[in-house]
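Each chain is listed here by its residues.
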Amino acid sequence: MVAGLPSPSGADNFTSLQIIPLVYHRRKMSTAPVNPKVLKEQVLKVRGVSENNLKNLDLEILHDRFTVITGVSGSGKSTLAFDTIYAEGGRRYIETFSPYTRQFLDRLHRPELDSIEGVRPALALEQRNRTTSSRSTVGTVTEINDYLKILWAHLGALSCSGCGKQIVKDTPSKIAKSINSEGLLGDSEATLVCFPLRPTGDATTTSLIRTLQAEGFLRFYCTKTNSVLRLDSIEAGSKIFNDSSEILIVVDRITLTQTTVSDKATRQKQERLVSSIIQAYLFSHGRCKIIGIARSRQPQFFSFIESLSCADCDLHFKEPKPSLFSFNSPLGACDKCHGFGQILELDPSLIVPDPRKSIENGAIACWNTNATSAKLRQLKEFCREQDIDTKTPWKSLTKGEKALVLEGDPSTKRGYPGVFGWFKRLERKRHKMHVRVLLSRYRSEVICPGCNGARLTSAALLYTVHGHTIPDIWKMPLSTASEFFSSLSKTYPNDPVFSIALDEVLGRINYLVEIGLSYLTLDRNSRTLSGGESQRVNLTSILGARLVNTLLVLDEPTIGLHPRDTDRLLHSLRALQTRGNSVLVVEHDPDVIRAADEVIDIGPHAGERGGEVIYQGPVSGLEKCKESLTGQYFTGALAPTKKREVVTDS
């Protein structure tokens, strides 16, 4: 998924980050200054722009440059950058799509201009946060969550929910290695490879023996006598599973000697052991039992399961697919809150907004209307039966009395349902608009009791990486998360899947830390971000997308940014420009203006007195332009005006 486009679940459909074009080219980029004698395709030519207050402007802007549009507020900077250049670039790109595709995209208006040439696919970051979805978080916007899903699916350690033991797939090679190299069976004189057989119905000795012998099995292990018996030694018609619910059929008997791994006989026995385990798995649907027999002690039993299961607790677990760790996927979302982390429940403080009132004086707010007067009379009758004083303030009632009023008591004469019971009946009429409005008035968000706010299903919370579940990482401040993943990079240095995903995670987190957002967490809801925070978070996804040959338009990216972090932001914008992108920034900050390759000053004043290009060229020439107010501030000829004192009549 590319940043800014709707995710599969529709969680991050941002209009503030509108990516119209996605053009990828593999070519060597040069950071050298652009030659003025460039090809036509490397110049953006705009002719006769009359949008809003712009006065028939003619402009030529070099591509692959860092260009700043400045001027007084209201002079027409945003009109030129967003309503003209970006709008026309986006509109032309959308026109190349089929009519079916265009119906799903935002329509951009046609700006008032004579012609525009050399416009690149455009991408806009406005100084607004229009996110309304509760599913959208910092992690989903920056796509960090997408890479975390891969990490947890690839590296997550599964713990049994019953006994807490770590669960791994018992592959035949791992089992053979633990028996031979790790000495799992100790000094056992013989090793039996068996598979458990659980007969169904009224299976008798005769039918089982014939079936097993037809498959080539001749012996089984008797748990009652701790000995190996032949199948044909059992009397016909007897039940061979009286003493146990399962029968251990012997696949092979191997004598494992303590010799070196390089010994030829040991290698042959290793291969034989692996082959026997595979056969046991085949006939028992992925189950195997290894028995170590020694004369000096009791036999040792070890159970193995090929799937992700706990042999001791007989529990089965889901495969760690990436979608299991996504709250936007039905596979990973909590069943109770559906991935939101919160649910709406009736709030007693909204039902009784003023606890100083009594029931007689209207303490139950939802029953103070003519339509609910019958419910209020029923409540008063119930209170008389239960000896609850309806003239006593609500706050003075006991907890038991409050519970009776809210929860009701069906065992009473008329079966008083309580306030909660009344709301429960209203749930059946949710198809009516006025009922939904009424329910929303008396509900508030509470943390989901099913996942405790983690948003994920309980199966996903069983997987950990270095002791942390994925919601633990979401709740970490980005500065702490950066330290965690930096230390994690030393653990799996040669894993290609891990390295690629970790590089993406670290790169995006470190960028957010560098531009002053180290205090954010990945589970922070996007709609709670300020305009400046939202723009910088969205810029992270653009950097991660590694776009080239794109026109990036930003609206005052330094707003809300501490001056000490401006250099870090400029470094990021320069990184976009040196990749082969055109960066067009609307900005007032002098540090950003001085860092630009070219400055376009719109003015001289706001509104009707603006809309003209006062200066276009390098920053050094801006100070020499006497008509430019920005240049006069740079030279010190003009100083920022002080706030006038408010004079009041005495």
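What you see is a predicted model; the values in this text were computed from it and never measured. (Residues numbered from 1 in each chain as written. Predicted model: local features only at pLDDT ≥ 70, side-chain atom pairs only at ≥ 80, totals over all residues. Heavy atoms only, no water.)

**Remarks on the packing of helix α15 (residues 496-514) against helix α16 (residues 531-545)**
To describe two helices that pack against each other, one gives the angle between their axes and the distance between the axes. The N-to-C vectors of α15 and α16 enclose an angle of 145°; their axes lie 10 Å apart at closest approach. Our pair here, α15 against α16, has a crossing hand that is right-handed. Residues E504, R508, Y511 and L512 of α15 form the contact with α16, whose own contacting residues are R536, V537, L539, T540, S541, L543, G544 and A545. Among the residues forming the contact of α15 with α16, the class breakdown is six nonpolar, three polar and three charged. (Axes fitted to C-alpha atoms, helices over the stretch in contact; angles between N-to-C directions. Helix = DSSP H or I, 4+ residues; strand = E, 2+ residues; numbered from the N terminus. Left-handed = near helix turned anticlockwise from the far one by under 90°. Contact = heavy atoms within 4.5 Å. Nonpolar A, V, L, I, M, F, W, Y, C, P; charged D, E, K, R; others polar.)

**What about the environment of V553?**
Of note, V553 is situated in strand β20 (residues 551-555). Put simply, V553 and A81 are 472 residues apart on the chain and 6.9 Å apart in space, counted from C-alpha to C-alpha. Beyond its immediate stretch of four places on either side in the chain, V553 contacts A81, F82, Y86, L123, A124, L125 and L584.

**Here we look at the confidence of the model for the protein chain**
The pLDDT averaged across the protein chain works out to 82; a share of 86% of its residues lies at or above 70. Within the protein chain, the lowest mean pLDDT, 39, falls on strand β1 (residues 17-19), and the highest, 95, falls on helix α13 (residues 470-474). Long-range and interchain partners of residues 1-11, a stretch whose pLDDT sits below 50, account for 30 contacts in this model, where long-range means more than four residues apart. Considering only residues more than four positions removed or in separate chains, one finds that residues 646-650, a stretch of pLDDT under 50, has zero contacts. (pLDDT = per-residue confidence, 0-100.)

**Things to note about the sheet that holds strand β3 (residues 57-62)**
The strand order across the open sheet built from three strands is β3-β2-β5, with neighbouring strands paired in antiparallel fashion. Where the open sheet ends on each side, the last strands, each with one partner, are β3 and β5 (115-117). Ignoring which end each strand starts from, the neighbouring axes of this sheet average 5° apart. For strand β2 (residues 43-49) and β3, the ladder comprises five bridges, and the chain directions are antiparallel. (Pairing = 2+ DSSP bridges.)

**With respect to the pairing of strand β10 (residues 219-222)**
As judged from the four bridges shared by β10 and strand β11 (residues 227-230), these two strands associate in the antiparallel manner. In the sheet register, C222 faces β11, and the bridge partner there is S227. Connecting the antiparallel pair β10 and β11 is a turn made up of four residues, with N226 showing a positive phi of about 50°. Bridge analysis of β10 against strand β12 (residues 247-254) gives two bridges, and the strand direction is antiparallel.

**Some thoughts on the sheet that holds strand β7 (residues 157-159)**
Here three strands make up an open sheet; going across it, the order is β8-β7-β19 and the pairing antiparallel. Single-partner strands in this sheet number two, and they are β8 (166-167) and β19 (463-464). Sheet topology note: the β7/β19 ladder contains two bridges and is antiparallel. Residue pairing in the sheet places A157 in a bridge with T464 of β19.

**A look at helix α4 (residues 144-155)**
Between its first and last C-alpha, α4 extends 16 Å over 12 residues, near the 16 Å set by a 1.5 Å rise per residue. Burial analysis of α4 places nine of its 12 residues in the buried class, which makes it a mostly covered element. Among the residues of α4, I144, N145, Y147, L148, K149, L151, W152, A153 and L155 are the ones counted as buried. (Expected span 1.5 Å × (residues − 1). Buried < 20%, exposed > 50% of the residue type's maximum accessible area, 1.4 Å probe, protein only.)

**A short note on the environment of H468**
Relative to the elements of secondary structure, H468 occurs in the loop between β19 and α13. Distance in space between the C-alpha atoms of H468 and G156 is 9.3 Å, their sequence separation being 312 residues. Leaving out residues up to four positions away in the same chain, H468 has contacts with W152, Y463, I473, M476 and F484.

**Describing the pattern of salt bridges**
Per the counting criterion, the structure on display carries 19 salt bridges. Residues R356 and D354 are paired through a salt bridge, measuring 3.0 Å at the closest nitrogen-oxygen approach. Judged by relative accessible area, which is 61%, R356 ranks as exposed. Through salt bridges that share partners, E143, E504, R508 and R546 make up one connected network. (Salt bridge = Lys/Arg side-chain N within 4 Å of Asp/Glu carboxyl O.)

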